[in-house]
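Fold and geometry: a report
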Amino acid sequence: MTDQTPDQTVADQHQPLVPNRTVWIDHFGDLDVIALSERPVPQAVDDEVLVRVAAASINPVDWKTAAGEFPPKGADQLPFALGRDLSGRIEALGTRAHNMRSVGDRVIAFIGQDRGAQADYVVVKAVELVATPEQIDDATAAALPLAAMTAWQGLFDHGKLEAGQRVLIHGAAGGVGHLAVQFAVWKGATVFATASGRDLDYVRSLGVERAIDYKNERFEDHATDLDLVYDTQGGETQARSFTLLKKGGTMVSTLGPDEERGRELGIRTVPRWHAEPNGAQLAQVAELVAAGTVKVAVDRTFAFDQVREAYAYTHDEHPRGKVVLSMQGE
Ligand SMILES: NC(=O)c1ccc[n+]([C@@H]2O[C@H](COP(=O)([O-])OP(=O)(O)OC[C@H]3O[C@@H](n4cnc5c(N)ncnc54)[C@H](OP(=O)(O)O)[C@@H]3O)[C@@H](O)[C@H]2O)c1
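Reading guide: rules and limits
- Residues numbered from 1 in each chain as written.
- Predicted model: local features only at pLDDT ≥ 70, side-chain atom pairs only at ≥ 80, totals over all residues.
- Heavy atoms only, no water.
- Phe/Tyr/Trp six-rings, centres within 6.5 Å; stacked < 30°, edge-to-face > 60°.
- Helix = DSSP H or I, 4+ residues; strand = E, 2+ residues; numbered from the N terminus.
- Buried < 20%, exposed > 50% of the residue type's maximum accessible area, 1.4 Å probe, protein only.
- Near = heavy atom within 4 Å.
- Polar contact = N/O pair within 3.5 Å; in protein donor to acceptor, adjacent residues only side chain to side chain.
- Areas by Shrake-Rupley, 256 points an atom, 1.4 Å probe, with all protein chains shown as cover.
- 1 Å grid on protein atoms, 1.4 Å probe; cavity = no way out; pocket = protein on both sides within 12 Å on 5 of 7 lines; lining within 4 Å.
- Sits in = over half its atoms within 2 Å of the grid points.
- Nonpolar A, V, L, I, M, F, W, Y, C, P; charged D, E, K, R; others polar.
- Contact = heavy atoms within 4.5 Å.

What follows deals with the packing of aromatic side chains. Under the defined criterion, the tally for this structure stands at six aromatic pairs. Aromatic pair F28 and F80: ring centres 6.1 Å apart, planes at 50°, arrangement tilted. Within this pair, whereas F28 is found in the loop between strand 1 (20-25) and strand 2 (35-39), its partner F80 is found in strand 4 (residues 80-81), the two being separated by 52 residues in sequence. For F80, a relative accessible area of 7% translates into the label buried. Measuring from centroid to centroid gives 5.2 Å for W152 and F183, while their planes differ by 75°, and the two rings are edge-to-face. Here the residue W152 occupies a position in helix 3 (residues 145-158), and F183 occupies one in helix 4 (residues 177-187), the gap between them amounting to 31 residues.

Quick look at the structure:
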């Protein structure tokens with residue numbers, strides 16, 4: 001018999017007595033502020049679960065957050081942990097999570113800015129979790145949440161993309177872009193896509209109408225009469241793309257659109273938006289991956305202790321698709 005009261009968590013009984021390596025920022029700066037710190041293992045209470053993280057991916061927002069650029073965080077919010085998406089196994093359950101999940105379940109999560117996914121242990125609300133299909137390994141699962149929700153919500157919720165429409169996707173070999181291309185092809189759209197020359201064959205293999213070398217070709221010469229531009233670059237790339245849209249077409253950008261230009265040209269712009277956790281959408285994407293319809297490009301997986309190298313590689317080496325941290329060895 002224990003003295004546990006009904007309000008205490010089951011997690012209390014199984015609290016792992018190990019260091020919880022966490023990517024931890026105690027001041028803003030370049031990549032050199034990114035380091036592992038040993039933090040206490042958090043406790044799952046009520047409707048939360050404790051996840052033993054197997055893998056977490058790196059997204060541009062991680063180094064933007066570390067630099068204090070985006071999302072805007074003040075010095076009063078330091079220190080904090082980094083990372084938005086993870087895969088792993090449930091280690092312990094809060095008292096009200098029992099009817100939703102079981103210890104040992106393999107799960108994927110897209111977590112909020114208030115926590116960090118790049119850690120050995122993370123507490124997540126049970127409703128935020130999606131079951132990992134058995135066909136998907138941990139690195140692939142961890143590569144999905146933020147990039148996939150950005151691609152899906154940008155194309156379908158904001159861009160209203162439909163079968164038969166023509167869409168131009170910029171950055172088609174990137175973390176977001178390679179998934180956006182595959183979702184648009186799956187939907188039945190005609191897809192034009194920009195990428196670096198070395199990625200063109202890969203992008204062609206995803207089923208696009210035309211893969212365009214953004215460094216050596218003018219995308220204006222190959223993609224016209226568009227219903228949707230899915231922009232991941234902003235700046236000049238976005239500015240040049242507006243005139244390729246039909247009147248009444250839509251500009252969706254992961255970095256926000258030039259709304260005034262849209263008004264001038266009769267183009268619908270979607271005000272700056274951010275990908276949101278959505279369990280139903282993530283589960284649908286996971287099923288597409290499990291079925292082999294969508295293939296996640298994991299460029300490289302780094303052991304968690306190599307987190308600095310992993311960030312530098314992601315930031316500087318132009319990976320194709322995603323870079324993943326493996327908490328349990330490479
Ligand atoms: N709003 C949101 O919720 C949201 C969510 C996720 C991401 N984002 C933002 O969206 C952007 C893309 O994210 P990501 O994860 O896909 O980044 P990523 O993995 O770094 O991919 C960016 C891709 O863009 C390509 N690229 C660079 N310059 C280009 C150009 N002029 N024209 C066409 N392609 C070009 C790069 O190719 P090379 O490396 O070969 O040059 C790379 O493949 C980032 O700025 C990120 O912060 C926003």
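We are not done yet, so read on.
This part is about the site of the ligand. Contacts to the ligand come from 21 residues, most closely from K64, S196, Y214, A275 and H318. One of the backbone N or O atoms of W273 is found 3.1 Å from a nitrogen atom in the ligand. Here the ligand, which alone exposes 930 Å², has 81% of that area covered by the protein. Structurally, the ligand is housed in the largest pocket. Considering only residue class, the shell around the ligand consists of seven nonpolar, twelve polar and two charged.

Attention shifts here to the side chain of D227. Here D227 is to be found in strand 12 (residues 226-231). From its side chain, D227 meets the backbone nitrogen of R166 in a polar contact 2.8 Å long. When sequence neighbours within four positions are dropped, the list of residues in contact with D227 reads Q165, R166, L245, K246, G249 and T250.

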